[in-house]
Amino acid sequence: MAAGHGGGKAGGGKADEPGPHPVKEQLPGVDFCVASSPPWPEAILLGFQHYLVMLGTTVIIPTIVVPLMGGGDVEKAEVINTTLFVAGINTLLQTLFGTRLPVVIGSSYAFILPTISVALSERYSNIIDPHKRFEATMRYTQGALVISSFLTCIIGFFGFWRIFARFLSPLAAVPLVILTGLGLYERGFPQVAKCIETGLPALIILVFLSQYVPHTLKSKYGIFERFAVLFSVAIVWVYAEILTAAGAYDHRSPKTQLSCRTDRAGLLSAAPWIKVPYPFQWGTPLFEAGDAFAMMASAFVAIIESTGTFIAASRFGSATHIPPSILSRGIGWQGIGILLDGLFGTASGSTASVENAGLLGLTRVGSRRVIQISAGFMLFFSVLGKFGALLASIPLPIMAALYCVLFAYVASAGLGFLQFCNLNSFRSKFILGFSIFMGLSVPQYFNEYLLISGYGPVHTHSSWFNNIIQVIFSSPATVAIIVAFFLDCTHSYGHSSIRHDSGRHWWEKFRYFDSETRSEEFYSLPFNLNKFFPSF
């Protein structure tokens, strides 16, 4: 009896001991998953919110590259409208026939360096007229984008990315997804600080409305957490308009005025009332081998970053892990998107929008239909140029404040995959720590070197080769996945415990489309097209 009594105490003690949180293959707490949808009025507002979030990158990239290409406000407005139009088409294609995940396809920062390289080429030195120089630069950029799109299509549609994805473990995916979000830190608070009077209030209001108010004021429909972005932008935009009208920036530096004033974007007066973008509007594409090679490097980086975004979006959409064949199919359709970028002339290639993937986590609405509605807004406002230009004139520090939260959500999705890994393994610790550190440190070195010297660490007589190296090693997500994937596939690979330590056993069932019945619910093609285009 004494032994039995002692055993009871021990059993009671064990019952009180804390245990690890259970592993969840699908993220709990999501209000609407990929295949479900909120009521139409709410879905339309959420779709407009996604459109508003993607505007920041859509405006930033043309603002950087168009002046270097010789364009002014009119050309910048036309490029922004064209980018919006193509983004709407690409988003619909991706959500209908690509991964079918709730992802927005927008412009990629990875294409900026090759575009600037084209714009600064000496081949335009004899062109005096700025508009003609802009058109010539755009046509060479279009040619490079068209060629680079073939690389992405081949990697995706021919199944090469499927092979990579089948060897990708949760351990290697963690640095990829984390740095897909954290790698864009320069687009966050450093941009907020360019106009701290509007950027910081936007950040504080967004955090307060999305994280604190919902726990104080209980709402049946989750109004504050779902529409915190709309409320924050509206409040701070009005505040910025008041500061501008009151003359708060009249005696400030031109740089501050450009960041803070609501009337300095130059888009509203330059944008047409109605104009439908069309292919070859700047002329037929021109081709230069060096430009194409550099743009291919950007297309490769866009593939890496989109992969991280797709994985994060599948998590926030409460879907199962994305099967390798579906991921490869999505990359193939991204190649079609870059082809459309080249044909229409957006001055940049396409990738999955990181900020919109973060918005899925903030709103807890991972609905595919909401993203398709946002694509409708992109198409609508790209044709009605004045209305689109009005929204695109929101001061960029306000958008950067949103990025501080949204990029962090994507990084947190990467941290969530740690639940599949054995963190007590020193091998896991090394791969995680080393790949994340190198993913931050190597791009920092390449970017600092470029900023100080005017050229990258690799400085040969072939500018296209220099650009290839600079583009690849300036991307935190790309460096991180190269290091993590190589180490995970080679370090102690034959050891019996490695498969479980890396979490491969959790994703084993998703390696093939038909091996997991839930995959069809989230990833099967519409209109019964799976019969004609089966996934493997």
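I will try to describe carefully the structure that is included in this document. Within each chain, residue numbers correspond to sequence positions counted from 1 in written order. A pLDDT threshold of at least 70 governs which residues receive local features in this predicted model, and a stricter bar of 80 or more applies before side-chain atom pairs are shown or counted, although totals over entire chains, interfaces and linings include all residues. To obtain the side-chain values, all non-hydrogen atoms of the structure were used and water was disregarded.

### A look at a nonpolar patch on the surface
What makes a patch is a set of residues exposed beyond 30% relative accessible area and free of salt bridges, joined within 9 Å when like-charged and within 5 Å when nonpolar (Val, Leu, Ile, Met, Phe, Trp, Tyr). Note that accessible areas follow from Shrake-Rupley with a 1.4 Å probe, and for residues the cover is restricted to the protein chains shown. Just to be clear on terms, a salt bridge is a Lys or Arg side-chain nitrogen sitting within 4 Å of an Asp or Glu carboxyl oxygen. Taken together, the side chains of Phe150, Ile154, Phe157, Phe158, Phe160, Ile163, Phe167 and Tyr493 present a nonpolar region at the surface, about 830 Å² in accessible area. Secondary structure elements are defined from DSSP: runs of H or I of at least 4 residues count as helices, runs of E of at least 2 residues count as strands, and each element is numbered from the N terminus. Counting only elements with at least two residues in the nonpolar patch, the list comes to α5 (130-157) and α6 (160-167). Looking at the secondary structure, you find isoleucine 154 in helix α5. The buried label goes to any residue with under 20% of its type's maximum accessible area, the exposed label to any with over 50%, and the partly exposed label to all in between, with areas taken from a 1.4 Å probe on protein chains only. Its relative accessible area of 40% is what places isoleucine 154 among the partly exposed residues.

### Focus on the packing of aromatic side chains
Each aromatic pair joins two rings of Phe, Tyr and Trp (for Trp, the six-membered one) with centres within 6.5 Å, and gets the label stacked for planes under 30 degrees apart, edge-to-face for over 60, and tilted for any other angle. Per the counting criterion, the structure on display carries 30 aromatic pairs. Note on phenylalanine 522 and tyrosine 523: the rings are 6.3 Å apart at their centroids and 65° apart in plane angle, and the pair reads as edge-to-face. Across the pair, tyrosine 523 and phenylalanine 522 agree in class, each one buried. Taken together, the ring pairs in this structure connect Phe48, Tyr51, Phe377, Phe380 and Phe381 into an aromatic cluster. Working rule: Lys NZ or Arg CZ, within 6 Å of ring centre, within 35 degrees of ring normal, means a charge sits over the ring. Of note, arginine 123 hangs over the ring of tyrosine 140, and the distance from its end group to the ring centre comes to 4.4 Å. A cation over an aromatic ring shows up here: lysine 386 above the ring of tryptophan 273, its NZ or CZ 5.8 Å from the ring centre.

### A short note on the pattern of salt bridges
Taken as a whole and assessed by the stated rule, the structure comprises 13 salt bridges. The salt bridge partner of lysine 275 is glutamate 78, with a shortest N-O separation of 3.3 Å. One end of the pair, lysine 275, is in the loop between α13 (267-270) and α14 (289-316); the other, glutamate 78, is in helix α3 (residues 73-97), and 197 residues separate them in sequence. You can call glutamate 78 buried: its relative accessible area is 19%. Between aspartate 488 and arginine 504 there is a salt bridge, and its shortest N-O distance comes to 2.8 Å. With a gap of 16 residues between them, aspartate 488 in helix α22 (residues 476-490) and arginine 504 in helix α24 (residues 504-507) connect regions that are remote in the sequence. Of the residues examined, arginine 504 reaches a relative accessible area of 12% and is grouped as buried.

### Regarding the environment of serine 367
The topology assignment puts serine 367 in the loop between α16 (354-363) and α17 (368-383). Residue class for serine 367 comes out buried when judged on its relative accessible area of 1%. Taking the C-alpha atoms as reference, serine 367 lies 31 Å from proline 279; in sequence the two are 88 residues apart. Pairs of residues are marked as contacts when any of their non-hydrogen atoms sit within 4.5 Å. Leaving out residues up to four positions away in the same chain, serine 367 has contacts with Phe32, Cys33, Val34, Ser36, Ser37, Pro38 and Pro102.

### Comments concerning the state of the cysteines
A pair of cysteine sulfur atoms is labelled a disulfide when the two atoms are within 2.5 Å. Counted by the stated rule, this structure contains one disulfide. Each sulfur in the disulfide pair cysteine 195 and cysteine 260 lies 2.1 Å from the other. When the S-S torsion is 125°, as for the bridge of cysteine 195 with cysteine 260, the disulfide is right-handed. Placement of the pair is cysteine 195 in the loop between α8 (189-192) and α9 (196-216) and cysteine 260 in helix α12 (residues 254-260), with a sequence separation of 65 residues.

### Concerning the nonpolar core
Across soluble globular proteins, nonpolar side chains show a tendency to be buried alongside one another. In plain words, nonpolar cores are sets of buried Ala, Val, Leu, Ile, Met, Phe, Trp, Tyr and Cys residues tied together by side-chain atoms within 4.5 Å. If you look at the biggest cluster of nonpolar residues, it comprises 122 residues, and the most contacted ones within it are Tyr51, Trp161, Val229, Phe310, Ile322, Leu402 and Tyr523. Here the element with the most residues in this core is helix α2 (residues 40-69); it accounts for 13 residues. In contact with tryptophan 161, not counting residues within four places along its chain, are Ile155, Phe300, Ile303, Ile304, Thr307, Leu327, Ser328 and Ile331. Ranked by size, the runner-up nonpolar core spans 13 residues in total, among them Leu145, Ala302, Ile468 and Val471.

### Here we look at the environment of glycine 47
Relative to the helices and strands, glycine 47 resides in helix α2. The class for glycine 47 is buried, based on a relative accessible area of 0%. For the pair glycine 47 and threonine 244, spaced 197 residues apart in sequence, the C-alpha separation works out to 29 Å.

### What about helix α19 (residues 396-416)?
Taking 1.5 Å per residue as the helical rise, α19 with its 21 residues ought to reach 30 Å, and the 30 Å between its terminal C-alpha atoms agrees with that figure. The largest bend in α19 comes to about 30°, at tyrosine 403. Here, expected helix span is obtained from the residue count minus one, scaled by 1.5 Å. The term bend refers to the angle at a residue between two fitted axes, each drawn through seven residues, those ending there and those starting there.

### Points about the environment of valine 59
Inspection of the secondary structure assignment puts valine 59 in helix α2. On a C-alpha basis, the gap between valine 59 and alanine 389 in space is 9.7 Å, while along the polypeptide they are 330 residues apart. If sequence neighbours within four positions are ignored, valine 59 has contacts with Ile80, Ala392 and Leu396.

### Some details on the packing of α3 against helix α15 (residues 324-344)
Any two packed helices are characterised by the angle at which their axes cross and by the distance between the axes. Helix axes are fitted only over the stretch in contact, all axes being lines through C-alpha atoms; the angle between N-to-C directions runs from 0 to 180 degrees. Their axes nearest at 10 Å, the elements α3 and α15 cross at an angle of 160°. The pairing of α3 with α15 is recorded here as roughly antiparallel in orientation. The two elements α3 and α15 meet at a crossing, and its hand is right-handed. For the pair α3 and α15, the contacting residues are Thr82, Phe85, Val86, Ile89, Asn90, Leu93, Gln94 and Phe97 in the first and Arg329, Gly330, Trp333, Gln334, Ile336, Gly337, Leu340, Asp341 and Phe344 in the second. Residue classes follow a fixed rule: Ala, Val, Leu, Ile, Met, Phe, Trp, Tyr, Cys and Pro count as nonpolar, while Asp, Glu, Lys and Arg count as charged, and any other residue, Gly among them, counts as polar. For the contact of α3 with α15, the class distribution of residues is nine nonpolar, six polar and two charged. Under this scheme an angle from 65 to 115 degrees is roughly perpendicular, one under 35 degrees roughly parallel, and one over 145 degrees roughly antiparallel; angles in between are oblique. Should the near helix be turned anticlockwise from the far one by less than a right angle, the crossing is termed left-handed; should it be turned clockwise, right-handed.

### Topic: the side chain of serine 475
In this fold, serine 475 is placed in the loop between α21 (463-473) and α22. The class of serine 475 is buried, set by a relative accessible area of 4%. Polar contacts, as counted here, are pairs of nitrogen or oxygen atoms within 3.5 Å of one another; within protein the pair requires one atom able to donate a hydrogen and one able to accept it, and residues that are adjacent in sequence qualify only if both atoms are side-chain atoms. Among the polar contacts made by the side chain of serine 475, one reaches the side chain of glutamate 305 at a distance of 3.1 Å. With residues near it in sequence (within four places) discarded, serine 475 still touches Val301, Glu305 and Pro443.

Limitation: the analysis is restricted to geometry and does not speak to function.
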